[in-house]
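Okay, here's what each chain looks like letter by letter:
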Amino acid sequence: PGVGLMVIRNESSPVTLNWSGKIRRNAFAQPLVAGLNLIAEPYPMASSPSDRAMTHDNGMTGSTTVSSSDQVQVYNGVGYDIYYLLRNPTGTIEQWTLVGGGSTNRNTTKLFNPTGAVFIRKILADSDYISPYMLNL
């Protein structure tokens, strides 16, 4: 659970996929290693970095430079949209920002799709990362 899988089809004809399983009713432990992690959304709904508590206080590394920050890399069909945790040294600015997208705050942008996978590039390993429970069932 929580491990991503990426399939890129060369066929143009549509395919129907059915997903089944149980929906968890608790927070989701998702240990992250330093470097790339291909992860899947643990709940059947889209979520944002804010929904997933991806903050400095919750183990994310932020910086004013892309290469020194944790990143979320979302495949867009041709390449990757890269979001990074922009955080100044005092912490008065902390927000997820799209590389090349200005300084727009993307904290509430739904980057995590329930039927897709993304890469999280971590500067430091985080064996204690927890994605909070988000469903009201």
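Keep in mind that what you see is a predicted model, and the values were worked out from it rather than measured. (Residues numbered from 1 in each chain as written. Predicted model: local features only at pLDDT ≥ 70, side-chain atom pairs only at ≥ 80, totals over all residues. Heavy atoms only, no water.)

### Section: unusual backbone geometry
- Backbone geometry at Ala53 places phi at a positive 55 degrees, although glycine is not the residue there.
- In this fold, Ala53 is placed in the loop between strand E2 (35–40) and strand E3 (71–75). (Helix = DSSP H or I, 4+ residues; strand = E, 2+ residues; numbered from the N terminus.)

### Some remarks on the pattern of salt bridges
- This model, assessed by the stated rule, comprises 4 salt bridges.
- Its salt-bridge partner being Asp70, residue Lys122 comes within 2.8 Å of it at the nearest N-O pair. Taken as a pair, Lys122 in strand E6 (residues 117–122) and Asp70 in the loop between E2 and E3 lie far apart in primary sequence, 52 residues in all. Comparing Lys122 with Asp70 shows no difference in burial state: the two are buried.
- Across the salt bridge formed by Arg87 and Glu94, the nearest N and O atoms sit 3.1 Å from each other. (Salt bridge = Lys/Arg side-chain N within 4 Å of Asp/Glu carboxyl O. Buried < 20%, exposed > 50% of the residue type's maximum accessible area, 1.4 Å probe, protein only.)

### Here we look at the sheet that holds strand E4 (residues 80–87)
- Read across the open sheet, the 5 strands follow the order E2-E6-E3-E4-E5; overall the sheet is antiparallel. Edge positions in the sheet fall to E2 and strand E5 (94–98), since each has one partner strand and no second. Neighbour to neighbour, the strand axes of the sheet diverge by 25 degrees on average, direction disregarded.
- Inspection of the sheet shows E4 paired to E5 by 5 bridges, in the antiparallel sense. The partner of Arg87 across the bridge, within E5, is Glu94. (Pairing = 2+ DSSP bridges. Axes fitted to C-alpha atoms, helices over the stretch in contact; angles between N-to-C directions.)

### Let's talk about the packing of aromatic side chains
- A full pass over the atoms with the stated rule returns 3 aromatic pairs.
- Chaining the aromatic ring pairs together yields one cluster made of Tyr75, Tyr80 and Phe119.
- In this arrangement the basic side chain of Arg52 is found over the ring face of Phe112, its NZ or CZ atom lying 4.6 Å from the centre. (Phe/Tyr/Trp six-rings, centres within 6.5 Å; stacked < 30°, edge-to-face > 60°. Lys NZ or Arg CZ within 6 Å of the ring centre and 35° of its normal.)

### Re the pairing of E3
- Counting buried positions along E3 gives 4 out of 5 residues, so the element sits mostly inside the fold.
- As paired elements, E3 and E4 share 5 bridges and run antiparallel to each other. Paired with Val72 across the strands is Tyr83, a residue of E4.
- In textbook terms, the turn of a hairpin is the stretch between consecutive antiparallel strands, and for E3 and E4 this stretch comprises 4 residues, one of which, Gly77, has a positive phi near 105 degrees.

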